[in-house]
Amino acid sequence: MIDVTTLSIAEARKKLDAKEFTAVELLLACLANIKAKDADVHAFLEIYADAKKQAERADVMIAEGKATTLTGIPVALKDNMCFEGHTATAGSKVLEGFVAPYDATVVAKLKEAGAVLIGRANMDEFAMGSSTEHSVYGPTKNPLDFERVPGGSSGGSAAAVVMGAALGSFGSDTGGSIRQPAALCGIVGLKPTYGSVSRHGLIALGSSLDVIGPFGKTVGDVEAMFQVTKGKDAMDLTTVDTTDYPSVLGDVKRIGVPRTFLDENKLRDDVRANFDAALEKLKTLGYTLVDIELPYVKYSVPTYYVILPAEASSNLARFDGVKYGYHEEGGDLIEDYFKTRGTGFGLEPRRRIMIGTYVLSSGYYDAYYNKANAVRRMITKDFNTVFEKCDVIVTPTTAGPAFKLGSKTNDPVAMYLEDIFTVSSNHTGMPAMSVPSGTVNEEGKELPLGVQLIAPHMGENRLFSVGKKFLGETE
Ligand code: GLN
């Protein structure tokens with residue numbers, strides 16, 4: 001039997017090519033794990049009925065010598081990516097029954113590579129959240145402890161990898177939704193440079209912040225998934241030419257530590273000790289640690305909660321009960337809209353639509369939205385300045401390990417603060433990656449934590465290089 005919970009994509013590639021097992025057998029091993037575990041974890045909203053057909057096609061590609069890195073590799077997709085002929089709901093009732101009429105660019109690239117798209121992973125409704133508890137289809141649980149959340153909003157994608165349901169997965173990251181669940185589940189998660197991966201076919205949350213990125217067990221796996229999915233796309237005019245990737249930026253020698261920012265966000269002693277141990281390890285690996293200051297970074301979360309709701313309220317305006325999915329009949333068209341939106345959206349999207357329309361309304365636009373954008377530019381300036389002194393920045397990914405289900409659902413601000421370390425990279429568009437940094441003990445359980453590495457725009461190769469050394473990966 002293939003042990004998918006420990007197998008990396010790189011190892012699977014070798015074994016598939018050496019005919020030690022077939023893509024169909026690998027898929028069946030994943031499906032067996034799903035059958036055994038997903039009743040508890042609930043990482044999936046659907047297992048694609050054509051997964052086996054895809055695996056058979058991959059086996060043909062392998063037999064014909066046409067295999068590339070992801071051929072025959074089972075991969076899970078977050079429920080906000082369009083896969084032609086398949087349902088996509090973004091974890092929301094308002095998209096119930098919506099079948100994608102086309103492929104997202106990322107999906108098209110994965111299909112061309114012969115990856116096996118295994119299923120649709122659960123997520124917070126419209127990617128709003130940090131625990132996957134805001135999914136209308138019920139929460140996902142952390143496979144390492146069923147009383148705890150897997151993080152969010154891409155919690156299903158992270159859980160799928162940990163439980164051995166897929167070798168890799170894709171999520172979207174608007175404020176931390178790949179890095180935070182990666183940290184809470186003990187795996188690697190990459191938020192690429194804004195515009196390096198096409199958003200075409202991604203159900204939008206905040207268009208100036210959203211990026212699609214991979215989850216994997218190793219940095220090498222995440223790098224492989226990034227390489228297959230990145231690139232300029234005529235269907236997304238914000239994409240950048242990545243032909244020169246990953247050779248744009250050179251070696252990493254100096255790693256910046258934002259000490260003041262860390263001190264301002266008093267970490268628990270054990271979390272601080274875990275981070276300090278990571279710093280020591282980086283020193284042992286030969287890096288020079290430099291103290292850096294990011295004076296505006298403390299405004300990242302408040303700035304995000306003006307810009308994000310503004311963009312979300314505008315993006316969600318299209319869900320009116322006419323064009324997509326769910327419909328509630330009213331006396332006239334306006335009443336149709338009110339009824340559909342009033343019952344189709346959950347609490348968190350409604351809260352953000354209200355905040356968003358408020359900050360965009362005339363009279364408040366300058367005071368809130370424009371002001372937030374000005375602060376966003378100051379945050380970006382901070383990072384640009386600091387990258388003259390260091391090559392990569394390191395922070396904890398989160399202020400603590402996976403928390404208990406239900407412990408933050410009634411306190412939106414506590415939930416929002418989960419992204420305190422991650423959200424600034426969405427403001428700046430810079431790439432950032434979470435790598436596992438060991439565990440802390442809570443109530444007798446070892447719970448994973450992660451450290452976050454941040455690089456300048458197009459600096460993914462720096463993240464991969466430091467991340468691999470940090471995890472002791474040799475290839
Ligand atoms: N937790 C943040 C939010 O609720 C970020 C979500 C995300 O990155 N999609 O908006």
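In this report, the structure presented in the accompanying data block is examined. This is a predicted model, so every value here is computed, not measured.

**Considerations on the environment of P448**
In this structure, P448 sits in strand β11 (residues 445–454). If sequence neighbours within four positions are ignored, P448 has contacts with L144, A183, L184, C185, G186, P401, G438 and T439.

**Examining helix α1 (residues 9–17)**
Listed in full, the buried residues belonging to α1 are I9, A12, R13 and L16. Taken end-on, α1 shows its buried residues confined to a sector of 105°, consistent with a single buried face. Structurally, α1 contributes buried residues whose contacts are with α2 (23–41), α3 (51–63), β4 (168–173) and α7 (219–229). K19 sits one or two residues past α1 and shows a positive phi near 60°.

**Some remarks on the site of the ligand**
Close contacts around the ligand come from 15 residues, with T174, G175, S177, Y304 and D419 the closest. Relative to its free-state accessible area of 300 Å², the ligand is covered by the protein chains to the extent of 99%. Looking at the shell around the ligand residue by residue, the class counts come to 5 nonpolar, 7 polar and 3 charged.

**Considerations on the packing of aromatic side chains**
The full count for this structure, using the stated rule, is 14 aromatic pairs. Following the ring pairs from residue to residue traces out a cluster consisting of F98, F126, F319, Y324 and F345. We note K408 situated over the ring of F403; from NZ or CZ to the ring centre the distance is 4.4 Å.

**Examining the sheet that holds strand β5 (residues 188–191)**
Read across the open sheet, the 11 strands follow the order β1-β3-β2-β4-β6-β5-β10-β11-β9-β7-β8; overall the sheet is mixed. Edge strands, defined here as strands with exactly one partner in the open sheet, are β1 (44–47) and β8 (288–291). On average, each strand axis in the sheet is inclined to that of its neighbour by 30°, with strand direction left out of account. Summarising the sheet, strand β7 (residues 254–257) and strand β9 (residues 392–396) pair through 2 bridges and their orientation is parallel.

**Observations regarding unusual backbone geometry**
The step from G152 to S153 runs through a cis peptide bond, and the omega angle for that step is 10°. Looking at the secondary structure, you find S153 in the loop between β3 (116–121) and α5 (155–162). At A90, a position not held by glycine, the phi torsion is positive, near 55°. Of note, A90 is situated in the loop between β2 (74–78) and α4 (105–112).

Cut-offs used in this document
- Residues numbered from 1 in each chain as written.
- Predicted model: local features only at pLDDT ≥ 70, side-chain atom pairs only at ≥ 80, totals over all residues.
- Heavy atoms only, no water.
- Helix = DSSP H or I, 4+ residues; strand = E, 2+ residues; numbered from the N terminus.
- Contact = heavy atoms within 4.5 Å.
- Buried < 20%, exposed > 50% of the residue type's maximum accessible area, 1.4 Å probe, protein only.
- Arc of directions from axis to C-beta.
- Near = heavy atom within 4 Å.
- Areas by Shrake-Rupley, 256 points an atom, 1.4 Å probe, with all protein chains shown as cover.
- Nonpolar A, V, L, I, M, F, W, Y, C, P; charged D, E, K, R; others polar.
- Phe/Tyr/Trp six-rings, centres within 6.5 Å; stacked < 30°, edge-to-face > 60°.
- Lys NZ or Arg CZ within 6 Å of the ring centre and 35° of its normal.
- Pairing = 2+ DSSP bridges.
- Axes fitted to C-alpha atoms, helices over the stretch in contact; angles between N-to-C directions.

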